[in-house]
Amino acid sequence: MRLDARVVVRRPAFTLDLELTVQPGETVALVGPNGAGKSTFLQAVAGLIGLDDGKVVLGPHVLDDVADGVHVPTELRRCGLVFQHHRVFPHLSALENVAFGLRAQGVPRPEAHEQARQWLDRVGMLPHAGRSAARLSGGQAQAVALARTLAAEPDVLLLDEPFAALDEAARPLLQEVVRRHAFDGERPVVLVTHEPADARALADRVVPMVAGRVAATT
Amino acid sequence: MSARRGTTGRGTTARARSGRAAARAVPVATAVGLLLTACATGPGTGAGTSSSAPTGSASSRAPLTGQLVVFAAASLQQTFTALGDRLMAQNPGLHITFSFGASSTLAQQLEQGAPADVFASANPATMKAASAVTDRPVTFAHNSLEIVVPAGNPGHVTGLADFAKPQLKIALCAVEVPCGSAAATAFAAAGVTPAPDTYEKDVTATLTKAVLGEVDAALVYRTDVRSAGDKVQGIDFPQASAARNDYPIATVAGARNHAAAQAFVDLVLSAQGQKVLTDAGFDAA
Amino acid sequence: MVGRVRPRRRSRPPVLLLALAAVAVLFLVGPFVALLVTAPWSRLGGLIASGPVLQALWLSLRTATAATVLCLLLGVPLAWVLARTALPGRGLLRAVTTMPLVLPPVVGGVALLTLLGRRGLLGRHLDTWFGVTVPFTSTAVVIAEAFVALPFLVLAVDGALRSADEQYEQAAATLGATRWYTFRRITLPLVAPGVLAGAVLCFARALGEFGATITFAGNYPGTTRTMPLAIYLAMEQDPAQAVALSLVLIGVSLAVLIGLRTRWLSALTGGPS
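Residues numbered from 1 in each chain as written. Chains lettered and ligands numbered in written order. Predicted model: local features only at pLDDT ≥ 70, side-chain atom pairs only at ≥ 80, totals over all residues. Heavy atoms only, no water.

**Q** Can you walk me through the packing of aromatic side chains in this structure?
**A** Geometry of an aromatic ring pair is reported as the spacing of the ring centres plus the angle between the planes. The tally for this structure, following the rule as stated, stands at 15 aromatic pairs over all chains. Ring geometry for F80(B) versus F140(B): centroids 5.7 Å apart, planes at 45 degrees, classification tilted. Of this pair, F80(B) sits in helix α4 (residues 77-90) while F140(B) sits in strand β4 (residues 138-143), placing them 60 residues apart in sequence. For F80(B), a relative accessible area of 0% translates into the label buried. Relative to F282(B), the ring of Y247(B) lies with its centre 5.1 Å away and its plane at 75 degrees, an arrangement referred to as edge-to-face. Of the two residues, Y247(B) is situated in strand β10 (residues 245-251) and F282(B) in the loop between α11 (271-279) and β11 (283-284); the sequence distance between them amounts to 35 residues. Neither residue differs from the other here; Y247(B) and F282(B) are each classed as buried. A connected cluster of aromatic rings, assembled from ring pairs, spans F80(B), F98(B), F100(B), F140(B), Y247(B), F264(B) and F282(B). Its guanidinium or amino end placed over the ring of W119(A), R122(A) lies 4.3 Å from that ring's centre, counting from NZ or CZ. A cation sits over an aromatic face here: R148(A) above F89(A), 4.5 Å from the ring centre. (Phe/Tyr/Trp six-rings, centres within 6.5 Å; stacked < 30°, edge-to-face > 60°. Helix = DSSP H or I, 4+ residues; strand = E, 2+ residues; numbered from the N terminus. Buried < 20%, exposed > 50% of the residue type's maximum accessible area, 1.4 Å probe, protein only. Lys NZ or Arg CZ within 6 Å of the ring centre and 35° of its normal.)

Right, dumping it as structure tokens:
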């Protein structure tokens, strides 16, 4: 699937106006300082923020079209978003977190838990499956969050500074997890980061951003 | 059996509306009393009282002046206000202040030194409770129970016997309150065992159930039926006299305005006063 | 966390705040102490064990529990609508919600009568179509109690929802969860402490309800005479007995609330921090 997005969001402090196309299997990194509008772009694509203008198309589906008054709610967009601060559900176990998306889509519990266990295994968290998510370390929680998003089988993967909250030791491990499991060759991936090194290591293409727009290309 | 507390009449609304109202009445009445005391001791007021009292004690010819404070049972609100207006019209120098409330509350306030000139109670028991601070009481009216039904009498009620029918909705005063004990006396006299759906907390609440049509019949005082107007109908029954309520009135011992106090009591007992009371549904003394 | 040892060099709390807090405690405890002092302790046992008292107490506990369940069923969704939707006129709705708090309960009872009474707007149809009359039944007690107690629950849950971050609900949405599923699995568990606090307030209010109950439901032993009604009537004849009954009500409600609290809290510990 291909992601075609032109996102315009007006805020008092700045206006985000970004046009981005991501091919199936391609990973694009949005790089820029804080306040450049990178996270806002991801949240707009995920439907958490309404557009002031523009259009978001994912494969055959029009998710947003301001001109036509189209806005598909987040839960129907199949846009997986891994948040900067993981947002694992604190009252659920690691396993229940990962199984959440499947359960929400009607997958019976045993099957959902089996798949969740496989995902936890891939991100190296199977030993902690039964642990309350509130008691995981930052790195562990981010790994669970990634597994949780991937388990829901989204059509596009949006990663919002997934390594920012991690300490140096946990970072390479999770980058390896992303590299091995997030890219499946069909899904477009948008990675937001302020670390050029991360961007170069993981992305096929780097888009620098400043103040809501694409920075002048070098 | 005499009623302990004068909770008859619509004047009890305030008390019925909230359990706290009775408690609140005490400081309010005291505050009013203090205010009046302050007025009386001020220059140029209340002078007529002391000069006229020794000379013309029986004569009501001399114009009355000053302040008169009347404590009266809530059920007397309409009638006493009317009589007070009449007395003030005859004596332009006279100003009457009423404090209506539950008889028992008023009696307690009198005992605590509330500055009243006249006390009218809804039953002899509370008058007796205040006997230390009042002059000799006189019975000036009676109130009888009456069956009250919603307008049109949907339950086809004809007498006390209908109160035993389980298919009818019936409201009675709780036996703990005066109208309830009076009702119990009446049922005993009639040999009827009532089957009520609710025991209301006072006569006003009981009447309200009939006014709203929530019950087919209730037992309240005749004055309550009168005051409710055409939303309800009253039905007399022969045993009503068995549970009649006596209303005593007395001047307060050491009343500041004794002449006016006596004049008010005289007016209540006069043919004119009795007419006002019987028009409201009371039985003449 | 509660009970953690504070650093020793922490500055002392302001004297003024402590003094006012002490006055507040006296203000709350004073009347209660007076009640305890004047209580007829020698008769207390006999009063509590008497049939009519137990009957009223049992009715009170049953109806207050039912009213709390009813409030939870209706109040939590209302709080969610207030806190989580962009419904127009939400401010007005919030004001309407608090109306029973302002209204004297007796007026609330009259309002319920004019709606659900035998001749009420709705009640007259219930009577003619189904032969159902609501007043003078235990159902009416539950309705009256729920009417006055509902705002306590709605306000508590609304507050909890509004202070709870929506980030988890957003995360659930990106995982494909419908709002209903998210509400059940994410929102409700996360605001559980707020719901519990609201339910406790709601139960306490329902247990002490007097004005709306006696006006709307009436007063009949075993059917509609709850403890507060029994206490009011006792006050007419024997104030000492009324004091004793009040102590019973206070004691039982404290026992129930403390019992619930420990149950719930132990269920909640180990959950979200």
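**Q** Hey, could you run me through the nonpolar core in this one?
**A** Among soluble globular proteins, nonpolar side chains are generally buried collectively. Residues and elements named next belong to chain A. Within the largest apolar cluster, 43 residues are counted, with the highest numbers of intra-cluster contacts made by V7, L30, F41, V45, F89, F100 and L158. Excluding residues within four positions of it along the chain, L158 makes contact with L42, V45, A46, C79, G80, L81, V82 and V190. Counting 40 residues, the second-largest nonpolar core is a separate cluster that includes A116, V123, F163 and V177. (Core = buried A, V, L, I, M, F, W, Y, C linked by side-chain atoms within 4.5 Å. Contact = heavy atoms within 4.5 Å.)

**Q** What is the right way to read unusual backbone geometry from this model?
**A** Unlike most non-glycine residues, N153(B) shows phi in positive territory, near 45 degrees. In this structure, N153(B) sits in the loop between β5 (145-150) and β6 (170-173). Using a relative accessible area of 12% as the deciding quantity, one classes N153(B) as buried. A positive phi is found at F136(C), a non-glycine position, where the angle reads about 70 degrees. Within the fold, F136(C) resides in the loop between α7 (123-130) and α8 (138-163).

**Q** What exactly am I supposed to notice about the side chain of N97(A) here?
**A** With respect to the helices and strands, the residue N97(A) is situated in helix α2 (residues 94-104). Dropping the residues within four chain positions of it, N97(A) is found in contact with V88(A), F89(A), L92(A), A133(A), V144(A) and R148(A).

**Q** Could you clarify how one ought to interpret the interface of chain C and chain B in this entry?
**A** Interface size is often expressed as the accessible area that is lost when the parts come together. Counting residues at the interface gives 20 residues for chain C and 25 residues for chain B. With both sides pooled, the region where chain C packs onto chain B buries about 2,200 Å², and carbon together with sulfur makes up 53% of that total. For the chain C face of the interface with chain B, the top three residues by lost area are R118(C), F136(C) and E236(C), together amounting to 33%. Applying the counting rule to chain C against chain B returns one salt bridge. A salt bridge links R118(C) to D216(B), with the nearest nitrogen and oxygen atoms 2.9 Å apart. Here chain C is connected to chain B by seven residue pairs in polar contact (both at pLDDT 80 or more). Mapped onto the side of chain C that touches chain B, the elements with two or more residues apiece are α6 (105-116), α12 (211-216) and α13 (227-237) of chain C. (Buried area = accessible area lost by both parts, 1.4 Å probe. Salt bridge = Lys/Arg side-chain N within 4 Å of Asp/Glu carboxyl O. Polar contact = N/O pair within 3.5 Å; in protein donor to acceptor, adjacent residues only side chain to side chain.)

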